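# Per-entry structural report
Read off the chains here:
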Amino acid sequence: MIYTYTLTPSLDYTVYLPGFTPGKLNRSEEVYYYPGGKGINVSRVLKRLGTDSTAVGLAGGFTGDYLEQFLRGEGIRTELIRTDGITRINVKIKSGQETELNGPGPDITEKDRRQLLDRVRRMERGDWLVLAGRIPDSAGTDFAVELAGICRDIGIRLAVDTSGPILKELAGMRPELMKPNEHELGELFGADIKSKEDALHYARLLAGQGVRHVIVSMGGAGALYVSDTMEAEAQAPKVDVVNTVGAGDSLVSGFIAALESGKDAEAAFRYGVAAGSATVSRSDLCRKEDVDTLADRVTITRLNGGENR
Ligand SMILES: Nc1ncnc2c1ncn2[C@@H]1O[C@H](COP(=O)(O)OP(=O)(O)OP(=O)(O)O)[C@@H](O)[C@H]1O
Ligand SMILES: O=P(O)(O)OC[C@@]1(O)O[C@H](CO)[C@@H](O)[C@@H]1O
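Note that this is a predicted model, so its numbers are computed, not measured. (Residues numbered from 1 in each chain as written. Chains lettered and ligands numbered in written order. Predicted model: local features only at pLDDT ≥ 70, side-chain atom pairs only at ≥ 80, totals over all residues.)

## Quick word on the overall build of the protein chain
Of the regular secondary structure elements, the protein chain holds ten helices and 14 strands. Computed over C-alpha atoms, the radius of gyration of the protein chain comes to 19 Å, within 12% of the 19 Å expected from 2.2 N^0.38 for 309 residues, which places it in the range of a compact globule. For the protein chain, the spread of C-alpha atoms along the three principal axes comes to 55 × 45 × 35 Å. Counting over 309 residues, the protein chain shows a buried share of 46%. The contacts of the protein chain with a sequence gap of at least 6 include a subset with a gap of at least 24, amounting to 66%. (Helix = DSSP H or I, 4+ residues; strand = E, 2+ residues; numbered from the N terminus. Rg over C-alpha atoms; globule rule 2.2 N^0.38 Å. Buried ≥ 20, exposed ≤ 12 C-beta atoms within 10 Å, placed from the backbone. Contact = placed C-beta atoms within 7 Å.)

What follows is the structure, encoded as structure tokens:
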């Protein structure tokens, strides 16, 4: 079973307008209300790719109700703990440039924390747990580390797609997969990543710490993959960019869905990159038919002359 863990879900209010002027009234004729939060996006994309998952997380208020109903309407199992506060609304403004206004996550109580960790204790060896999105301060600094420790003890495959200082600690806990973008990778090592070579250097360091699959996403430039046995670069296919929100989540979903269907790491990497690019070309997340088509247009180059490290 695949579980996605989203401590900071959102309702993504996405607004398209020809131009956006701060300090003025800006009117839009095209708006969307999508469930959001990184783990929620992973569950939605997995479903589209034919892979079931359970979305675990926190939801509250009218936005939390909307989120839960939307996910259930798409056939996604949910285990959302109700919070007193309402689920945040993240505003995504598309006006040539992309501007995002992300609200704070919920206040996590000691009871929520216990429930979230107890749920992990009931998972089984071989399950996936995708910990994605911001981890709010209210979860406590040791929450993610405790969660990763339970995963390690049980043999749950932990996938990490979060940001901030906690990334460093999680990297040391041998997760199955980490998918930082270049910026998050730089943050993790306190480095300024300026080139693909820099990104590769730090991706190798991450893999060296015991992360089984390291994927560094680089927006329109594609992604890098590093593990003990393979290093590769993927060139993303050229697509019309409509909305990049959820591109990284789609990459994670495509990679896991492909591995779960028995594909090898290279094929899974290709499928993940295709899913990311397919999402970019739509206002909502990707569709399976587009991912399947784009997968043939992703160019994979083995690094190190194709030799294993
Ligand atoms: N402009 C683009 N053209 C084609 N593909 C893209 C573009 N931007 C992103 N992608 C695809 O999506 C993947 C993930 O993108 P990106 O590196 O922007 O993730 P991210 O920063 O984690 O995004 P988010 O946090 O919004 O989910 C890329 O590796 C690539 O395959
Ligand atoms: O504030 P966080 O948790 O870092 O990011 C949340 C978010 O921007 O990420 C998703 C796209 O990846 C969106 O659905 C959501 O609004």
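Moving on, there is more to tell.
## Quick word on the site of ligand 1
Within the structure, ligand 1 sits among 21 residues, and Ser217, Gly220, Ala247, Gly248 and Gly276 are positioned closest to it. Of all the elements in the fold, those that place two or more residues in the shell around ligand 1 are α8 (247–260) and α9 (265–280). Of the residues that constitute the shell around ligand 1, the class distribution is ten nonpolar, ten polar and one charged. (Near = placed C-beta within 6 Å. Nonpolar A, V, L, I, M, F, W, Y, C, P; charged D, E, K, R; others polar.)

## What about the sheet that holds strand β8 (residues 128–132)?
Across the sheet, ten strands lie side by side as β5-β4-β1-β8-β9-β10-β11-β12-β13-β14; this open sheet has mixed pairing. Strands at the two margins of the open sheet, each flanked by one partner only, are β5 (77–82) and β14 (299–302). Summarising the sheet, strand β1 (residues 2–6) and strand β4 (residues 54–59) pair through four bridges and their orientation is parallel. Within the sheet, the bridge partner assigned to tyrosine 3 lies in β4 and is threonine 54. Contacts between helix α2 (residues 61–73) and the sheet are confined to β4 and β5, with β5 contributing the most and set at about 170 degrees to the helix. Along the sheet, helix α3 (residues 110–121) contacts β4, β5 and β8; its crossing angle with β5, the most-contacted strand, is approximately 155 degrees. (Pairing = 2+ DSSP bridges. Axes fitted to C-alpha atoms, helices over the stretch in contact; angles between N-to-C directions.)

## Some thoughts on the UniProt feature "domain: Carbohydrate kinase PfkB" (unreviewed entry) in the protein chain
Sites flagged by UniProt as "domain: Carbohydrate kinase PfkB" (unreviewed entry) map to residues 12–285. Secondary structure content for residues 12–285 is 38% helix and 23% strand, and the end C-alpha separation is 12 Å. (UniProt positions renumbered as here; feature names shortened; annotations may be inferred.)

## Some points on the site of ligand 2
Around ligand 2, 16 residues are found, and the nearest of them are Gly36, Asn90, Asn102, Gly133 and Arg134. Of all the elements in the fold, those that place two or more residues in the shell around ligand 2 are β2 (10–16), α1 (38–48) and α8. Among the residues forming the shell around ligand 2, the class breakdown is one nonpolar, eleven polar and four charged. There are two domains that each give the shell around ligand 2 at least three residues, and those are domain 1 (1–173) and domain 2 (176–309). (Domains from an automatic or database assignment.)

## Focus on the sheet that holds β2
Pairing in this open sheet of four strands is mixed, and the strands run β3-β2-β6-β7 from one edge to the other. Taken across any chain shown, the strands that pair with only one partner, and hence form the sheet edges, are β3 (30–36) and β7 (97–101). Here the average twist between neighbouring strands, direction ignored, is 20 degrees. Here strand β6 (residues 89–95) pairs with β7 via five bridges, running antiparallel. Bridge pairing in β7 links serine 95 to glutamine 97.

## Here's the deal with the domain arrangement of the protein chain
Taken domain by domain, the protein chain comprises domain 1 (1–173) and domain 2 (176–309). Inter-centroid distance (C-alpha atoms) of domain 1 to domain 2 is 20 Å. Elements that contribute at least two residues to the side of domain 1 that touches domain 2 include exactly β2, β3, α1, β6, β8, β9 (157–161) and α5 (166–171). At seven residues, the largest contribution of residues to the side of domain 1 that touches domain 2 is made by α1. Residue composition of the side of domain 1 that touches domain 2, by class: 15 nonpolar, six polar and ten charged.

## With respect to the packing of α3 against helix α4 (residues 143–154)
Contact pair α3 / α4: the axes reach a minimum separation of 9 Å and the direction vectors enclose 15 degrees. Between α3 and α4, the interaxial angle falls into the category roughly parallel. You can see that α3 and α4 cross each other, and the crossing is right-handed. Contacts between α3 and α4 pair Arg113, Leu117, Val120 and Arg121 from the former with Phe143, Glu146, Leu147, Ile150 and Cys151 from the latter. (Parallel < 35°, antiparallel > 145°, perpendicular 65-115°, else oblique. Left-handed = near helix turned anticlockwise from the far one by under 90°.)

## Some thoughts on the pairing of strand β12 (residues 223–226)
Alternating residues of β12 divide into Ala223 and Tyr225 and Leu224 and Val226, and every residue in both groups is buried. Bridging between strand β11 (residues 213–217) and β12 involves four bridges; their strand directions are antiparallel. What sits directly across from valine 214, in β12, is valine 226. Sheet topology note: the β12/strand β13 (residues 231–235) ladder contains four bridges and is antiparallel.

## Looking at the nonpolar core
Membership of the largest hydrophobic core comes to 83 residues, with the highest contact counts inside it found for Leu129, Val130, Leu131, Ala203 and Phe255. Excluding residues within four positions of it along the chain, leucine 129 makes contact with Tyr3, Tyr5, Val120, Met123, Cys151, Ile156 and Leu158. (Core = buried A, V, L, I, M, F, W, Y, C linked by C-beta atoms within 7 Å.)

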